[in-house]
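So you can see what is in the structure, the chains are spelled out below.
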Amino acid sequence: MASPQPIASHEEIDDASIHAIKRTNLDVQPGSRDASRRGSGTIITPTGAPTLFYTSTELHEAKPHASSAALMTDMLRKYESMFTLTAQRMRIIVDAFEETLEKGLQSDGQIVPMIPAFVFGWPTGKEAGDYLALDLGGTNLRVCLVTLLGGGKFDITQSKYRITEEQKQMEGEKLFDFCAECLASFIDSSMASGVLKNAHSIPMGFTFSYPCHQDRIDNGILIRWTKGWGSLNVEGHDVAEIFQRSLRKHNVSVEITAIVNDTTGALIASHYANPRTRMGVILGTGCNAAYMEKVGNIPKMKHLGIPDDELMAINCEWGAFDSFHHKVLPRTKYDIIIDQASNKPDEQSFEASYFPSAIIHTRLTIFLFFVLVELIDDGILFPGQDTTKLEVPYCLDTAYLSMMESDPTPELLTVVGIFTYFFQVETSITERQFFQALAKMIGTRAARLASCGMAAVARRSDVLEEGCSIGIDGSLYNMYPGFKERIHEGLVDILGEKGKDIVTHHAEDGSGLGSAIIAAMTKTRKDAGHFPHL
């Protein structure tokens, strides 16, 4: 079998498309529209996967043609009431969130599991040596060689390998065989280039960012798949054991030193670079947080005999907050339809409030899609035009929302370009202003929900008096316009003046650098005889 080949990095919307948006010809002739949807929901495909559907009825029915400024203003008020989160509502969410976090620390089997990561305390900055990190992400498999140089310095070499949607649903043993083949290929190329001198029994941090129960740092029993994964015969099993069997099968002499969640990795890597960091957060393919807790505040760990004042990293897995019962988080009709179309309906309510479904497009764009098709259906948007391309599920990309929000031109020409270039429909200035305001509403809702989770962890970890820094990674935080500022505004709305002392920054590479640092910390701890069985 040919060795797996690393992939080149790319963006979903290339520069040529963005350039075309900005220069597109605005003289597109409208088509004719002779059908409208009158229903939406979910169906199960022959492969067993849920998906969204739309029904078309009432062909040639006349629609009101009224995209006037007054009507658009009325529509905007309607969606403002639906998507806006007040400070009072946010505080209610935070109170319930904090109570849920406490339950997770008390006992196993809670909706938000508060998983001890078996990472004892903070890095010293003196960690040194060669370490591998393998990250099984939502889209790619990434393999890194990290050379820790001491003094907080490091070098990193990496390769990425594409993971297909089919591989995400395949038999677990075959999935980990693929991981072993990619790792073997990376080691061979690193040895050939001289980057890696000795690959025998090199310690490795395995970044596996899905909810796992851990009895020690080098094992992890998968609780449930998230992020669209559904690989068979893995849930309920130790992923380290499955992977180690695949490594032996392919003669890869690597020791899995630590099973690491990317959020825990982001916490450790960010503290390595900025010692004021007290929380790591991911706002990307999924959402999660990690922080340090005193063992004395984790009753479910009492039986291990670890001193109460020892610090333990906690992987919150907060994406499941308010799952199943849906009593706290805002839940619109769009939330319900999208949730039921996911591969884990009812199970990831907080994550589902603004993050991806089983498909790669985020909830932000699906919210926008539902609003658009609803208004098209009612004859309010694009009257008399052919909207076929806009009626395709998942046709919108998060980049469109970003570009709409950040359009600086008085005429909103970037918004014009998006709709004419990608969807061949003309827009009025009133419609474009509505789209921009709606995009901002949806993005603000996401940021304020994220700040609720951060505020709950901040109160739980008792950092409000002295303030702290939060390392955040993920495409929404890094790329979506105004997202950082809206998170900070949300923290101040919830926590008052103390919220001003909580700052956020871009997290260091948790799944690569963080995983390697944790492998180094674990090796040092066990070599010193400090709880070597954990």
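Heads up: the structure comes first, above all this text.
Anyway, here's the lowdown on the structure attached to this text. (Residues numbered from 1 in each chain as written. Predicted model: local features only at pLDDT ≥ 70, side-chain atom pairs only at ≥ 80, totals over all residues. Heavy atoms only, no water.)

This paragraph deals with the sheet that holds strand β11 (residues 277–283). Ordered in space as β3-β13-β12-β11-β14-β15, the six strands form an open sheet in which the pairing is mixed. Of all strands in the sheet, those with a lone pairing partner are β3 (115–120) and β15 (502–506), marking the two edges. For this sheet, the mean inter-axis angle between neighbouring strands, taken without regard to orientation, is 25°. Alignment of β3 against strand β13 (residues 311–315), held across three bridges, turns out to be antiparallel. Counterpart to Phe-120 in the pairing with β13 is Met-312. (Pairing = 2+ DSSP bridges. Helix = DSSP H or I, 4+ residues; strand = E, 2+ residues; numbered from the N terminus. Axes fitted to C-alpha atoms, helices over the stretch in contact; angles between N-to-C directions.)

Between side chains of opposite charge, a pair can form when the charged atoms approach closely. Scanning the entire structure with this criterion turns up 22 salt bridges. In this structure, the salt-bridge partner of Lys-249 is Glu-173, at a minimum N-O distance of 3.0 Å. Here Lys-249 is found in helix α5 (residues 239–249), whereas its partner Glu-173 is found in helix α4 (residues 172–193), with 76 residues between them in sequence. Residues joined by salt bridges that share partners form a network here, namely Lys-78, Lys-333 and Glu-374. (Salt bridge = Lys/Arg side-chain N within 4 Å of Asp/Glu carboxyl O.)

Turning our attention to the packing of aromatic side chains. Under the defined criterion, the tally for this structure stands at 26 aromatic pairs. Look at Tyr-79 and Phe-83: their rings are 6.3 Å apart centre to centre, the planes differ by 15°, and that puts the pair in the stacked class. Of this pair, Tyr-79 and Phe-83 both sit in helix α2 (residues 69–83), four residues apart, roughly one helical turn. For the pair formed by Tyr-79 and Phe-83, the shared burial category is buried. Summarising the aromatic geometry, the rings of Phe-382 and Phe-435 are spaced 5.9 Å apart at their centres and angled 35° between planes, so their arrangement reads as tilted. Placement of the pair is Phe-382 in the loop between α9 (363–377) and α10 (398–405) and Phe-435 in helix α12 (residues 429–461), with a sequence separation of 53 residues. Overall, Phe-382 belongs to the buried group, its relative accessible area being 1%. Residue Phe-435 is classed as buried on the basis of its relative accessible area, which comes to 0%. The structure contains a cluster of three or more aromatic residues connected by ring pairs, namely Tyr-79, Phe-83, Phe-367, Phe-382, Tyr-400, Phe-419, Tyr-421, Phe-422, Phe-423, Phe-434 and Phe-435. The ring of Tyr-477 carries Lys-484 above its face, with NZ or CZ at 5.3 Å from the centroid. (Phe/Tyr/Trp six-rings, centres within 6.5 Å; stacked < 30°, edge-to-face > 60°. Buried < 20%, exposed > 50% of the residue type's maximum accessible area, 1.4 Å probe, protein only. Lys NZ or Arg CZ within 6 Å of the ring centre and 35° of its normal.)

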